[in-house]
Amino acid sequence: MGKIIAVTNQKGGVGKTTTAVNISAGIGKLDKKCLLVDVDPQGNATSGVGIDKRQIRYSSYDILIDDVKAKDAVMHTEYENLDIIPSNIELAAADLQLADIEKREARLKNSLAAVKGDYDFIFIDCPPSLGLITTNALCAANTILVPIQPEYYALEGLSQLMNSVRIVKRRFNNYLDIEGVLLTMYDGRLNLTQQVVQEVKKFFPRKVFPVVIPRAVRLSEAPSFGMPIMYFDKRSTGTTAYMELAQYIVNNN
């Protein structure tokens, strides 16, 4: 049965989608079957693995709102062992539409149950908010992975995120746990970076990944070509970091 990991942080610009795309592709390269579920209305994970949004028949919107089966929304990518349930701008209205649906918080969980056995890992790329779409992701997930940029505002809102996690855990998903906290856009030369890292480790004892993701121009360039970093530039420092992280997650699950 596939382990479901929600990649989430309600703060935007922390490398959430970059992480979801590159961990999924990295684990696929390690010969594990991966499904990437894009539930962000921006659909950046979808374009990040080379899917043309005009070619989408069914999206995560359809499985959340219209009872389309997850297997009918799955699209194969050109990358090893990597499939995706894509997203598009239709999903922007889903939070409002979900409000009137019975058992609205379990829509994604119930849908993914039918394909969970087909994959080793399922990663959910969440929107940068704590609405009903993210609640659906947290209900479906076994664990959450939290990307954090080591900057002054990094810890702002973390208590709010963890409060949401506690509420979901208490009301809907007793087994929800933290997979790990990932430091992204890391520059070890800055004093501020070291200070924030210490604060994060205090906030999440024993949950900070030993791998950090460096600032890398190639990581920023890869999405515009619809390619995960390890396919775009296999010698990039971003490739090395995400492959190390992928190996760490595989080894510890």
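The structure displayed is predicted, hence computed values, not measured ones. (Residues numbered from 1 in each chain as written. Predicted model: local features only at pLDDT ≥ 70, side-chain atom pairs only at ≥ 80, totals over all residues. Heavy atoms only, no water.)

## Focus on the nonpolar core
- Counting 49 residues, the largest nonpolar core has Leu-35, Val-37, Ile-85, Leu-108, Leu-112, Ile-124 and Phe-204 as its most contacted members.
- In this view, Ile-85 contacts Leu-35, Leu-36, Val-37, Asp-38, Ser-59, Ser-60, Ile-63, Ala-70, Ala-73, Val-74 and Leu-112; residues no more than four positions away in its chain are not counted.
- If you look at the next biggest cluster of nonpolar residues, it comprises 36 residues, including Ala-45, Tyr-79, Met-230 and Leu-245. (Core = buried A, V, L, I, M, F, W, Y, C linked by side-chain atoms within 4.5 Å. Buried < 20%, exposed > 50% of the residue type's maximum accessible area, 1.4 Å probe, protein only. Contact = heavy atoms within 4.5 Å.)

## Re the packing of helix H1 (residues 16-29) against helix H12 (residues 237-251)
- Packing of H1 against H12 brings their axes to within 8 Å, and their N-to-C directions diverge by 65°. Here H12 runs roughly perpendicular to H1, going by the angle between their axes. Between H1 and H12 lies a crossing of right-handed hand. Touching Thr-18, Thr-19, Asn-22, Ile-23, Gly-26, Ile-27 and Lys-29 of H1 are Tyr-242, Met-243, Leu-245, Ala-246, Ile-249 and Val-250, all from H12.
- Of the residues contributing to the contact of H1 with H12, the split by class is 8 nonpolar, 4 polar and 1 charged. (Axes fitted to C-alpha atoms, helices over the stretch in contact; angles between N-to-C directions. Helix = DSSP H or I, 4+ residues; strand = E, 2+ residues; numbered from the N terminus. Parallel < 35°, antiparallel > 145°, perpendicular 65-115°, else oblique. Left-handed = near helix turned anticlockwise from the far one by under 90°. Nonpolar A, V, L, I, M, F, W, Y, C, P; charged D, E, K, R; others polar.)

## Description of the pairing of strand S2 (residues 34-38)
- The buried fraction of S2 is high, at 5 of 5 residues.
- The alternating pattern of S2 places Cys-34, Leu-36 and Asp-38 and Leu-35 and Val-37 on opposite faces, both of which are buried.
- Bridge analysis of S2 against strand S4 (residues 82-85) gives 4 bridges, and the strand direction is parallel. What sits directly across from Cys-34, in S4, is Leu-82.
- Relative to strand S5 (residues 121-125), S2 runs parallel, the two sharing 5 bridges. Each residue of the ladder has a partner; that of Asp-38, found in S5, is Asp-125. (Pairing = 2+ DSSP bridges.)

## So, the environment of Phe-123
- With respect to the element layout, Phe-123 can be found in strand S5.
- Between the C-alpha atoms of Phe-123 and Ile-144, which are 21 residues apart in sequence, the distance is 9.4 Å.
- For Phe-123, the residues in contact, after removing those within four places along its chain, are Ile-5, Val-7, Ile-23, Ser-24, Ile-27, Cys-34, Leu-35, Leu-36 and Val-37.

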